[in-house]
Amino acid sequence: MNILVAELQPAKGHRNLCLHTCKILSKIGKVTFVDSLSDDISEDQFNVIRSPFGYYQGTNKYLDIIQRTLHSVYIINFVSQIYHNGNYDIFIGITYDELAYALAWRKLRNVNVFLMQHNNFDIANHNFLKKIALKYIFSFTSIKIITQCNFIAEYAKYRYKLDSDKIIIWPHPLNIVRNDIEIYDCVGISNSNDEKIIEDIIKLEEETKIFARKGLKIILKSKKLQYDDGSLKVINGFLSEKEYNEYISKSKIIFMPFSKFFKYRMSGTLMDAFSNYKPIIVTSSPLSKACQNVYPSIIKDYDVDSFLKSIMEFRERTDIMKNEFDRFISFHDDSNLTNIIENTIDNSLNGKIQNKLGDF
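Concerning the nonpolar core
Phase 1 of the analysis: Formed by 97 residues in total, the largest nonpolar core has its most connected members in F91, Y101, F121, F138, F274 and F360.
Phase 2 of the analysis: In terms of residue count, the dominant contributor to this core is helix 2 (residues 64-85) (7 residues).
Phase 3 of the analysis: In contact with F121, other than residues within four places in its own chain, are L134, F138, I145, I152, Y155, A156, Y160 and Y264.
Phase 4 of the analysis: In terms of nonpolar packing, the next biggest core, distinct from the first, is built from 24 residues, I3, C18, F46 and W170 among them.

As structure tokens, then:
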């Protein structure tokens, strides 16, 4: 099987997922990856074609949505040319822009297209144009959508009236980083952090010195705030992949203070935490509830009043927690994902419905 893979809306945060997915797919067929990043990939497992368009960089905030959409349309056109000039069996879009695909989908007409969902559903829930674009895509094209969890697939069926044969589930691959000495009690460094929650935690520490009195080391990330009293440190600005992984590796607990708009998507931060045997404290959402149903001992809901209590309880690891981590890693291991992906592609191309998977 010849497989073409690309990001139709390139995002640096999804690059590792792209490369990891290509490596898994290369065990199933011959893979070609359309790469939008300028650095060199040294891969012998799959072919690489350079995209001339790169990552989108807006130049005018008033025209951003138009420029962003056109940039993605150009990539779709480029990918279409590669597909039709080659001998490919399927195309997998690791990311996509709803408006661009609604405009340019005919370029990939009569192509077996699989599009991976990330925050697409959440954005459409508070963006009228993108909601209309998604409904149009799902109604008038023959694409298959890839979700990473059962609960997201069920939401897609309910919200967009999608038939089961148009939805497939590929669990997110692991992200295992090196094992360092855990010098931080809790780290929350996602780009999805809710600024109001960070502000509330800073205020709590300023008024009570609750973390300092317990001798805790907590690192949080904000887009605009900074703070450091020796126990609670709030950083902002860009974190390199190396810096990010070091924080994950050196922390006992991962904090995910996500906004109320974070609902029907998988979290890379959750994957980073569980892949490295780190329990999580997270704001309540459909994602957290689905996860708690399967892994109740390694996830706690966030509440400012019980935040300290949750941290202290998670400092002591139990055999039950280890068993749940082991079960999670076994399910998301490359060998299991290869079997799942191969079966779902085969079933989808033959009009069969994928059975509900384990995990959440």
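Comments concerning the sheet that holds strand 9 (residues 218-222)
Strands in a sheet are paired, the pairing made by backbone hydrogen bonds, and the direction either parallel or antiparallel.
Phase 1 of the analysis: Pairing in this open sheet of 7 strands is mixed, and the strands run 10-11-9-8-12-13-14 from one edge to the other. Looking along the sheet, the strands with just one partner apiece sit at the ends: strand 10 (227-228) and strand 14 (299-301).
Phase 2 of the analysis: The pairing of strand 10 with strand 11 (residues 232-236) spans 2 bridges and is antiparallel. Considered in strand 11, the bridge of Y227 is made with V234.
Phase 3 of the analysis: Docked against the sheet, helix 10 (residues 268-275) engages strand 12 (251-256) and strand 13 (280-282), running at close to 160 degrees with respect to strand 12.

Re the packing of aromatic side chains
Phase 1 of the analysis: Going through the model one piece at a time under the given rule, you end up with 23 aromatic pairs.
Phase 2 of the analysis: Between F121 and F138, the ring centres sit 6.4 Å apart and the planes meet at 65 degrees, which makes this aromatic pair edge-to-face. One end of the pair, F121, is in helix 4 (residues 120-124); the other, F138, is in helix 5 (residues 128-140), with 17 residues separating them in the sequence.
Phase 3 of the analysis: The buried category is assigned to F121, whose relative accessible area is 0%.
Phase 4 of the analysis: Taking the centre distance of 6.2 Å and the plane angle of 70 degrees together, the rings of F274 and Y295 count as edge-to-face. With F274 in helix 10 and Y295 in the loop between helix 11 (286-294) and strand 14, the pair connects residues that are 21 residues apart, well separated along the chain.
Phase 5 of the analysis: Grouping aromatic residues by their ring pairs yields a cluster made of F274, Y277, Y295, F325, F328 and F360.
Phase 6 of the analysis: Across from the ring centre of Y55, 5.8 Å away, lies the NZ or CZ of K12, which sits over that ring.
Phase 7 of the analysis: The ring of F314 carries the charged tip of K300 above its face, separated from the ring centre by 5.1 Å.

Considerations on the side chain of T95
Phase 1 of the analysis: Its location among the elements puts T95 in strand 4 (residues 90-95).
Phase 2 of the analysis: Within the structure, T95 has its side chain in polar contact with the backbone oxygen of Q9 (distance 2.8 Å).
Phase 3 of the analysis: Beyond its immediate sequence surroundings of up to four residues, T95 is in contact with A6, E7, L8, Q9, P10, H14 and H118.

Regarding helix 11
Phase 1 of the analysis: Of all the positions in helix 11, only L287, S288, A290, C291 and V294 are classed as buried. End-on view of helix 11: buried residues confined to an arc of 165 degrees, all on one side of the axis. In helix 11, the exposed positions angled more than 90 degrees off the buried face are occupied by K289 and N293.
Phase 2 of the analysis: Along its buried surface, helix 11 packs onto helix 6 (150-160), helix 10, strand 13, strand 14 and helix 13 (319-332).

Thoughts on the sheet that holds strand 6 (residues 144-147)
Phase 1 of the analysis: If you walk across this open sheet you meet the 7 strands as 3-2-1-4-5-6-7, and the pairing is parallel. Each edge of the open sheet carries a strand with a single partner, namely strand 3 (47-50) and strand 7 (167-169). Put simply, the sheet's adjacent strands are angled 25 degrees from each other on average, direction ignored.
Phase 2 of the analysis: Sheet topology note: the strand 1 (residues 2-7)/strand 2 (residues 30-35) ladder contains 5 bridges and is parallel.

Rules of the game
Residues numbered from 1 in each chain as written. Predicted model: local features only at pLDDT ≥ 70, side-chain atom pairs only at ≥ 80, totals over all residues. Heavy atoms only, no water. Core = buried A, V, L, I, M, F, W, Y, C linked by side-chain atoms within 4.5 Å. Buried < 20%, exposed > 50% of the residue type's maximum accessible area, 1.4 Å probe, protein only. Helix = DSSP H or I, 4+ residues; strand = E, 2+ residues; numbered from the N terminus. Contact = heavy atoms within 4.5 Å. Pairing = 2+ DSSP bridges. Axes fitted to C-alpha atoms, helices over the stretch in contact; angles between N-to-C directions. Phe/Tyr/Trp six-rings, centres within 6.5 Å; stacked < 30°, edge-to-face > 60°. Lys NZ or Arg CZ within 6 Å of the ring centre and 35° of its normal. Polar contact = N/O pair within 3.5 Å; in protein donor to acceptor, adjacent residues only side chain to side chain. Arc of directions from axis to C-beta.

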